[in-house]
Structure formats: C-alpha cells, structure tokens
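Each chain is listed here by its residues.
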Amino acid sequence: MAEGVSSHTAAGSAGQDSGERLLQVEADGGSRGNPGVAGYGALVRDPRTGAVLDIDARPLGTASNNVAEYSGLIAGLEMARRIDPEARVHVKLDSKLVVEQMSGRWKIKHADMQKLATRARAILPTEKVTYQWIPRAQNKDADLLSNEAMDAGAKGVPWARADSGIAVALAGSESAQPEPVHPEPAQPEPAQPELAEASVPEAAAEVAPAPTVQPAAADVGTSRRPGRLHHVEIWVDDLARARQTLGWLFEELGYVVSGEWSEGTSYQGAAEYLVLESGPDVASGGHDRLRPGLNHVAFRAGSRADVDALVEAATQRGFTLMFSDRHPFAGGRSHYAAYLEAPGGFQVELVADPLT
C-alpha cells in the first residue's frame, strides 16, 4: 500500500471510529524566482461532503518556495483550529519536502525551516494531524489560491478573499472568518526568544517602568483561545534606518527575515512575527512612547551577559540606553533588563532570564 494512501486511510478511519470530526487541509505555496515574489494559499475542506469551509491566501513579499509552502501549511492548520480545535486534521500537500519533514521521516537541517516546522507542530496536538503527499494536479484549489496571492503581491496589493476563484460553502458558523491580511511568511513555537509583552503607557513625566507581574496560575488557560500574540506591526518613517536598527536587533534576538517588500520587512520569531513598515499612510513626527498607545515591546534576551552584550552593540548602532542611572535594575531589583530607545523614538526592553 502506498505511503500516502496509508496516511490518508489512517486519518479517515480514526475520525470515523472515534466519532471525532475530521477536517482536511489543502495548502500550497510558490515563489516566482525562488526567492522572488511569493505567496501561499490554503483551504479547509469537509472530506465527507467536499465543501470548502474556509480559505486563506497571502502575498509574502520576497521569499523562497519552501517558506511559502510552510506558510500555507501553517495558515491551513490555524484555520482548522479556528473551525474546530478538537477535530482531527488530515493535510494534503504537493510538497514532498514538507510532508516528509512534518511526518518526521526527513531531517530538517536548515535553521529557518526548523523554526517553521516547530511553529506548525505547535498549532495542534501532533497526534491529531496526519500528512499526505499528492500530485500537483490533485492540489488545484490550493494552487489557485497561492497564485492569486502571488498575483496580488506582484501588484503590491493584498489578496482579496471576495474575488477568489474558490468559493466557501455557506455553512452557518462552520466557516471561520480569516484574520487581517499582512505580508508575512510562516512561523515556530518557543525554542527561540519570543515576544514577551507590551507595557502600559508611561505618564507624562519620564519614570522607570514597574516590574513585570506574572498572572496567577488560576488566571491562565480559562479560555479556549491560546492567549498569545500573532504579530506586531511597527510603522516607521525611515524604513532603511529601522531595518538597520530595530531589524538588526530582531535578528540578534533570534528572529529571521521572512518577507521583504518595497515598504516593509517581516521577521519571524518562535510563534509570532514582527513587521517594520513605512509608506504614504505613515504620519510624520516619529514615535512618541509617552502618548496614549503602545509604550514599548519587551523581549526575552537570554542571560544577563547576553543582555549586556546586546546593549553594547545596540548603542554603537544609535540606540540610547534609558534610565542609565538605574540600569540594569530600572524595573526592580529582581528584574534584570535594559531599556533602549531606537533612532526614531521606539522603545524596546531586553529582559534577562531569571537566575542567569
């Protein structure tokens, strides 16, 4: 019996025998130039009826074919989780590489691909997901969606769900609405530094931030939502400068460039991603962290020695060390952290792991 057929049969029988719902994810990604103009397409289908329950597609800026393929997989798994987080999921892809890597039969040597695979595995319990390779001719719907995304990317516009050639079945609440579209390739789960938190705006007078307070265990996990960030988008008035400063820092913290276009760059982290973006809609005047809105973003930065090294390198790139008279305990005696202001006014916090 062929490997792909065996995987599919196992998934189908498991769903039927246990009474669990079975969803089918079909995904594809492409890059015109590899790397070049890239995009992905994904859909969730009810395998019993063949009805398409939801679709998603997205331009990725400039990215590789493998990044696009993984992006489609992750989008499909996230849609399936939104539709029914308890369902079993059978994934059909025409990328032999992704199928074999996600099935654990091929090693993943490239660091970027390791992060993407880790992110994909974190979306749903691994025992609930099976993978099957299919020929491209059998993946026409996902292929159409990915080409729609690449066409949109080539024109510099977002993919328009309403104009897609793939229709979503009118099935009441079964069809989940897609999240807002932003250029970005796919993305992994805590193994690398992760985006920590956004703090409350400071008062008009410059004061040191309060120590981070962790919620009690009883307050966590009471919702079926995962309680984590999807992405943070930072608008800048000087993209080249932001890439050389904030973008440099993101990469030092373990994020990788996952997409690049004329007005922005995306950086993939362990689960979430970050975007630096400029363009005609960005108002002049620079960022003011003292005004209502986002005050700063905090990152886990490794050991105390790692924080110190990052501070030294960052100041050489134009960052300003804030609260220098109280550094590195400006946030409290047990909170070892550095507060840095990037050129342009945006503030970041680098937090050391406890007891390092």
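Residues numbered from 1 in each chain as written. Predicted model: local features only at pLDDT ≥ 70, side-chain atom pairs only at ≥ 80, totals over all residues. Heavy atoms only, no water.

(A) Quick look at the overall build of the protein. Counting its secondary structure elements, the protein contains seven helices and 14 strands. Per-residue burial over the protein gives 48% buried out of 356 residues. In the protein, of all internal contacts separated by at least 6 residues, the share reaching a separation of at least 24 is 72%. For the protein, the computed accessible surface area is about 16,900 Å², with 52% contributed by carbon and sulfur atoms. (Helix = DSSP H or I, 4+ residues; strand = E, 2+ residues; numbered from the N terminus. Buried < 20%, exposed > 50% of the residue type's maximum accessible area, 1.4 Å probe, protein only. Contact = heavy atoms within 4.5 Å. Areas by Shrake-Rupley, 256 points an atom, 1.4 Å probe, with all protein chains shown as cover.)

(B) Inspection of the confidence of the model for the protein at higher detail. Taken over all residues, the pLDDT of the protein has a mean of 82, while the share at 70 or more is 79%. Note that pLDDT drops below 50 for residues 1–14; the model gives that stretch 19 contacts with residues more than four away or on any other chain. pLDDT under 50 marks residues 172–207. Its contacts with residues more than four places away, or in other chains, come to 131 contacts. (pLDDT = per-residue confidence, 0-100.)

(C) The nonpolar core, seen in detail. Ranked by size, the top nonpolar core spans 36 residues in total, and within it Tyr70, Leu73, Leu77, Val91 and Tyr131 carry the most contacts. For this core, the elements supplying multiple residues, two or more each, are strand S1 (22–32), strand S2 (36–45), strand S3 (52–63), helix H2 (65–83), strand S4 (88–93), helix H3 (96–102), helix H4 (111–123) and strand S5 (129–133). Top contributing element to this core by residue count: H2, with ten residues. The next biggest cluster of nonpolar side chains, apart from the first, holds 30 residues, and it includes Val236, Trp248, Phe250 and Leu310. (Core = buried A, V, L, I, M, F, W, Y, C linked by side-chain atoms within 4.5 Å.)

(D) Representation of the sheet that holds strand S9 (residues 264–268) within the structure. What the four strands build is an open sheet, ordered S7-S10-S9-S8; its pairing is mixed. Only two strands of the sheet have a single partner each, and these edge strands are strand S7 (231–235) and strand S8 (256–261). Between one strand and the next, the sheet's axes are offset by a mean angle of 15°, whatever the strand orientation. In the sheet, S7 pairs with strand S10 (residues 273–277) via five bridges, with the strands oriented parallel. Residue pairing for S10: tryptophan 235 is matched across the bridge by glutamate 277. (Pairing = 2+ DSSP bridges. Axes fitted to C-alpha atoms, helices over the stretch in contact; angles between N-to-C directions.)

(E) Representation of the sheet that holds S1 within the structure. The five strands are arranged S3-S2-S1-S4-S5 in an open sheet whose pairing can be described as mixed. In this open sheet, the two strands that pair with only one neighbour each are S3 and S5. Averaged over all pairs of adjacent strands, the angle between strand axes in this sheet comes to 20°, irrespective of strand direction. Of the pairings in the sheet, the one linking S2 to S3 comprises nine bridges and is antiparallel in character. Looking at S3, one finds that alanine 42 is bridged to aspartate 56. Each of S1, S2 and S3 touches helix H5 (residues 140–155); the most contacted strand, S2, lies at about 145° to it.

(F) View of the pairing of S4. Within S4, six of the six residues are buried, which leaves it mostly tucked inside the rest of the structure. Of the two faces of S4, the one holding Arg88, His90 and Lys92 and the one holding Val89, Val91 and Leu93 are both buried throughout. With six bridges joining them, S1 and S4 adopt parallel strand pairing. Residue pairing for S4: leucine 23 is matched across the bridge by valine 89. The pairing of S4 with S5 spans five bridges and is classified as parallel. If you follow valine 89 over to S5, its bridge partner there is valine 129.

(G) A look at H4. Spanning 13 residues, H4 covers 19 Å between terminal C-alpha atoms, matching the ideal 18 Å at 1.5 Å per step. Here H4 has its buried residues at Met113, Lys115, Leu116, Ala117, Arg119, Ala120 and Ile123. Buried residues belonging to H4 abut H2, H3, S8 and S9. (Expected span 1.5 Å × (residues − 1).)

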